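So you can see what is in the structure, the chains are spelled out below.
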Amino acid sequence: MSVSYIKISMSALHHNMKVIRSRLPAEVRILATVKANAYGHGAVRTLQAALEEGFCAGSVARIEEGQELREAGFTCPVYTLGLPLPEEMEAGIEADLTMPVDDTVDLCALDRAAEARGKTARVMIAVDTGMNRIGVHPEDTEALWGKMGRFSHIQVCGTFTHMATADHKDKGAALRQLDRFDEALSHMKHDGGFAVSAANSAGVVDIPRSWYNLARPGIILYGIQPSDVMTNRLDLRPAMSLVSHVVHVQTLHKGEAVGYGGTFVADRDMKTATIPIGYADGYLRAQSNKADILIGGKRCPIVGRVCMDQLMAAVDEHVHPGEEAVLLGRQGTEEITADELAASAGTIPHEIMCSLKRIPRIYAE
């Protein structure tokens, strides 16, 4: 086994998916958001688990992510959430991906690409209700809807929007976005098979009005609450741990500095341990002199700057090379959570998990 590894608890993933499925009415279908390699958890294993738990599909950010799922053998619907460029359209059509469109997408190019492949391009209309990222504005939806009917090789199978503040305590802005979404929906003449999606993780947890008939949870799949100010909390279990080992222990004498820039100076004689993980592995340099790691079930503060490939921590005299070090997850009765690491780095748990790379991933059944 590698000196450092990411451990994914499959039982935690399955548990979270069961909790999500029980949260939503049976008529609301669920797709698993597995973009960015399932937030660092592994898209293939995560989507397989989701399908086993009754989810209907997966969603990714980019065409190439969808292609990877097809190459892995998935035949379920796969939605891409980022607008396709003309040069990506043929690949998306060939992989039978459901791609988003709005009034900025070259629909003529999409129709030609589908015709050239002898296929129909499946699309979802993206509606911008206030995120101001992608999407047609509600007042322009009727014109786009009328335009879609001109293309014989494009099938509109649904629509979606994204709420920007659903994880806030005050839901006013999110509900106004849903009002705008309903305005857009009123211009789309569709049948019962038309997918309507607005519920991200925070929507699943806190805003039943956003559920419509297709929910797309992301962060809650992986055991993280969307925020700590929402009305409801789900019984979630973090699925990811980051584990390494001590490779070096030394005495740092009073007055000596450790690491680049000498940002930590010992105020007494002390022991430090070196762990072979750094910012090239995605462990954020922002954790320098801030975060803790776990060794022997005890919290050990990081001292000095996180290096590209290594970091140092203050330890007691009982720590020796070869001991397990947990940078994310539980050891004994102590736990380092993604929320804790996000707080110390001034970011969100999503970035903590998505950043991890260059480290082998193992799955605990």
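As shown above, the structure is provided for reference.
Structure report, in brief. Note that the structure is a prediction, hence the values are computed from the model and not measured.

### Describing the overall build of the protein
(1) Moving on: Each helix and strand in the protein was counted, giving 11 helices and 20 strands.
(2) Moving on: Overall size of the protein, expressed as C-alpha extent along the three principal axes, is 75 × 45 × 40 Å.
(3) Moving on: Here the protein holds 365 residues, and the buried ones make up 52% of them.
(4) Moving on: Across the protein, the fraction of contacts at a sequence separation of at least 24, relative to all contacts at a separation of at least 6, is 66%.
(5) Moving on: Within the structure as shown, the protein displays about 15,800 Å² of accessible surface, and the carbon and sulfur contribution to it stands at 49%.
(6) Moving on: For the protein, the centre of its 37 positive side-chain charges and the centre of its 46 negative side-chain charges are spaced 2 Å apart.

### Topic: the nonpolar core
(1) Moving on: By size, the foremost hydrophobic cluster in this structure holds 109 residues, and its most contacted members are L110, Y283 and I293.
(2) Moving on: Dropping the residues within four chain positions of it, Y283 is found in contact with L242, I277, G278, A291, D292, I293, I302, V306, L311, L327, L341 and L356.
(3) Moving on: Ranked by size, the runner-up nonpolar core spans 9 residues in total, among them A57, M124, F160 and A195.

### Structural notes on helix α8 (residues 172-185)
(1) Moving on: Look at α8: 20 Å from first C-alpha to last across 14 residues, which is about the 20 Å you get at 1.5 Å a residue.
(2) Moving on: Residues of α8 that are buried: G172, A174, Q177, L178, F181, A184 and L185.
(3) Moving on: Where α8 is buried, its residues touch α7 (141-148), β7 (154-160) and β8 (195-197).

### So, unusual backbone geometry
(1) Moving on: We note that Y39 has phi near 55°; this positive angle belongs to a residue other than glycine.
(2) Moving on: Given a relative accessible area of 8%, Y39 falls into the buried group.
(3) Moving on: Its identity is not glycine, yet D96 carries a phi of approximately 55°, on the positive side.
(4) Moving on: Positionally, D96 belongs in the loop between α5 (86-94) and β5 (99-101).

### With respect to the pairing of strand β15 (residues 292-295)
(1) Moving on: A two-sided burial pattern is seen for β15, the buried positions comprising D292 and L294 on one face and I293 and I295 on the other.
(2) Moving on: Pairing between β15 and strand β16 (residues 298-301): 4 bridges, direction antiparallel. Bridge pairing links L294 to R299 in β16.
(3) Moving on: Examined bridge by bridge, β15 and strand β18 (residues 324-331) share 2 bridges and lie antiparallel to one another. Bridge pairing links L294 to V326 in β18.

### A short note on the sheet that holds strand β14 (residues 270-275)
(1) Moving on: Read from one edge of the open sheet, 3 strands run β11-β14-β17, paired in antiparallel fashion. Strands with a single pairing partner mark the edges of an open sheet, and in this sheet they are β11 (248-252) and β17 (311-315). Going from strand to strand, the sheet's axes swing by 30° on average, the running direction of each strand aside.
(2) Moving on: Relative to β17, β14 runs antiparallel, the two sharing 5 bridges. Looking at the pairing, K271 lines up with V315 of β17.

Cut-offs applied
Residues numbered from 1 in each chain as written. Predicted model: local features only at pLDDT ≥ 70, side-chain atom pairs only at ≥ 80, totals over all residues. Heavy atoms only, no water. Helix = DSSP H or I, 4+ residues; strand = E, 2+ residues; numbered from the N terminus. Buried < 20%, exposed > 50% of the residue type's maximum accessible area, 1.4 Å probe, protein only. Contact = heavy atoms within 4.5 Å. Areas by Shrake-Rupley, 256 points an atom, 1.4 Å probe, with all protein chains shown as cover. Lys, Arg positive; Asp, Glu negative; His and termini not counted. Charge placed at Lys NZ, Arg CZ, Asp CG, Glu CD. Core = buried A, V, L, I, M, F, W, Y, C linked by side-chain atoms within 4.5 Å. Expected span 1.5 Å × (residues − 1). Pairing = 2+ DSSP bridges. Axes fitted to C-alpha atoms, helices over the stretch in contact; angles between N-to-C directions.

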